[in-house]
Amino acid sequence: MTQLAAPRKTGAGRDLPAAVTVGVLLLGVVGASLFIRKEAFAAFAVIAVAAAMWELAQAFTRRSIHLPLVPLIVGSAGILVSAYVAGTEALFVAFLLTVGGAVVWRVLDGSGEAALRDASAATFAAAYLPFLGGFVMLLLAEPDGPARVALFVLLAVACDTGGYVVGTLLGRHPLAPSVSPKKSWEGLLGSLVLTSVVGVVGIQTVFHGEPLVGALLGVGVVVSATLGDLAESLIKRDLELKDMGRLLPGHGGVLDRLDSLLLTAPTVWVLLTVLQPAAG
């Protein structure tokens, strides 16, 4: 999520036309995969998480941390597919099996302090990427799953857009200067307003629900997306990186696009499950 106090292209060195083009293309791919077949979106999610896992592994090497990529990528696919096919319990079981497999894989390659460090990082990676991403698969598995995932994505886009526009035009007061100095309180307010509007309209239009549910979704998404974005900023600051990768022109890496989505997914899943359960 972006809440900038200065234009992205000049203040952060981003290629704004490329960022807009890639963003529109990604939204098109997500929309097409969602409403053609659920399985197409699930495959897209598996590829995205695998790419983000690869980026995270490359970034960790800057601190001499080596993730066991093979079991983590295979396990990531297993976690996402299990969540989609068999639900919450399968998500947790697949996560535990992935962590166990990654730890054993690393220990077989050598023991000692380095192995402990790598195994701990592998546990973090499995929790951060496929486990949190698994909640999107839980949304998708519902009878009205495509609509739920589409609302989830639109809420995240609204949060990003509201923060960027208002932060660019009015941002004066840094939100977290020691972590991400270009984010502003004004941008956070812009995110809150636009995301709440999208939440209310989406809940009423698609699910015929109460406006309060949409407003709560908006607040929940802004809080979780902001925390997710700041968490990745902390990781990048520790690794002395500007972006996690270069796979997406104008955006950085895949993980730079997933950062706020990852914590947002369980938030949206919990709120929709409790406040707007699927019919049938």
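Quantities reported herein were computed from a predicted structural model and do not represent experimental measurements.

**Q** Got a sec to walk through the side chain of D256? Specific residues and values, please.
**A** Following the sequence through the fold, D256 ends up in helix α10 (residues 254-275). Of the polar contacts made by the side chain of D256, one reaches the side chain of K236; its length is 3.0 Å.

**Q** Which residues make up the pairing of strand β2 (residues 180-184), and what values do they have?
**A** As paired strands, strand β1 (residues 174-176) and β2 are joined by two bridges and run antiparallel to one another. Bridge assignment links P174 to a residue of β2, and that residue is S184. Linking two consecutive strands that pair antiparallel, namely β1 and β2, is a turn of three residues.

**Q** Talk me through a nonpolar patch on the surface; I want residue IDs and the actual numbers.
**A** Nonpolar side chains collect at one region of the surface, where L189, L192, V193, L194, V197, V201, V219, V223, L227 and L263 lie side by side and expose about 790 Å² of accessible area between them. Taken together, the elements giving at least two residues each to the nonpolar patch come down to α8 (185-206) and α9 (211-239). Within the secondary structure, V201 sits in helix α8.

**Q** Provide a residue-level description of the UniProt feature "transmembrane region" (unreviewed entry) in the chain, including the pertinent values.
**A** UniProt feature "transmembrane region" (unreviewed entry): in the numbering of this structure it lies at residues 16-36, 42-60, 67-85, 91-108, 120-141, 147-167, 188-207 and 213-235. Here residues 91-108 runs as 100% helix and 0% strand, with 26 Å between its end C-alpha atoms.

**Q** Describe the packing of helix α7 (residues 145-170) against α8, naming the residues involved and giving the relevant values.
**A** Geometrically, a packed helix pair is captured by the angle between its two axes and the distance between the axes. Where α7 meets α8, the axes come as close as 7 Å, and the angle between the chain directions of the two elements is 150°. By the criterion of interaxial angle, the relationship of α7 to α8 is roughly antiparallel. Between α7 and α8 lies a crossing whose hand is right-handed. Taking contact as the criterion, the partners of A147, L151, L154, L155, A158, C159, T161, G162, G163, V166, G167 and L170 in α7 are, on α8, E186, G187, G190, S191, L194, T195, V198, G199, G202, I203 and V206.

**Q** Could you give an account of the environment of E39, with specific residues and numbers?
**A** Looking at the secondary structure, you find E39 in helix α3 (residues 38-60). Put simply, E39 and T267 are 228 residues apart on the chain and 23 Å apart in space, counted from C-alpha to C-alpha. Within the structure, the side chain of E39 is placed 3.4 Å from the side chain of Y84, a separation counted as a polar contact.

**Q** Describe the nonpolar core, naming the residues involved and giving the relevant values.
**A** Buried together is how nonpolar side chains tend to be arranged in soluble globular proteins. The biggest cluster of nonpolar side chains holds 66 residues, and the ones touching the most others in it are L67, L129, M137 and L255. In terms of residue count, the dominant contributor to this core is helix α6 (residues 113-141) (14 residues). Residues within four places of L129 in sequence aside, it is in contact with V49, A52, M53, L56, L255 and L262.

Conventions used here
Residues numbered from 1 in each chain as written. Predicted model: local features only at pLDDT ≥ 70, side-chain atom pairs only at ≥ 80, totals over all residues. Heavy atoms only, no water. Helix = DSSP H or I, 4+ residues; strand = E, 2+ residues; numbered from the N terminus. Polar contact = N/O pair within 3.5 Å; in protein donor to acceptor, adjacent residues only side chain to side chain. Pairing = 2+ DSSP bridges. Patch = residues over 30% accessible without salt bridge, like charges linked within 9 Å, V, L, I, M, F, W, Y side chains within 5 Å. Areas by Shrake-Rupley, 256 points an atom, 1.4 Å probe, with all protein chains shown as cover. Salt bridge = Lys/Arg side-chain N within 4 Å of Asp/Glu carboxyl O. UniProt positions renumbered as here; feature names shortened; annotations may be inferred. Axes fitted to C-alpha atoms, helices over the stretch in contact; angles between N-to-C directions. Parallel < 35°, antiparallel > 145°, perpendicular 65-115°, else oblique. Left-handed = near helix turned anticlockwise from the far one by under 90°. Contact = heavy atoms within 4.5 Å. Core = buried A, V, L, I, M, F, W, Y, C linked by side-chain atoms within 4.5 Å. Buried < 20%, exposed > 50% of the residue type's maximum accessible area, 1.4 Å probe, protein only.

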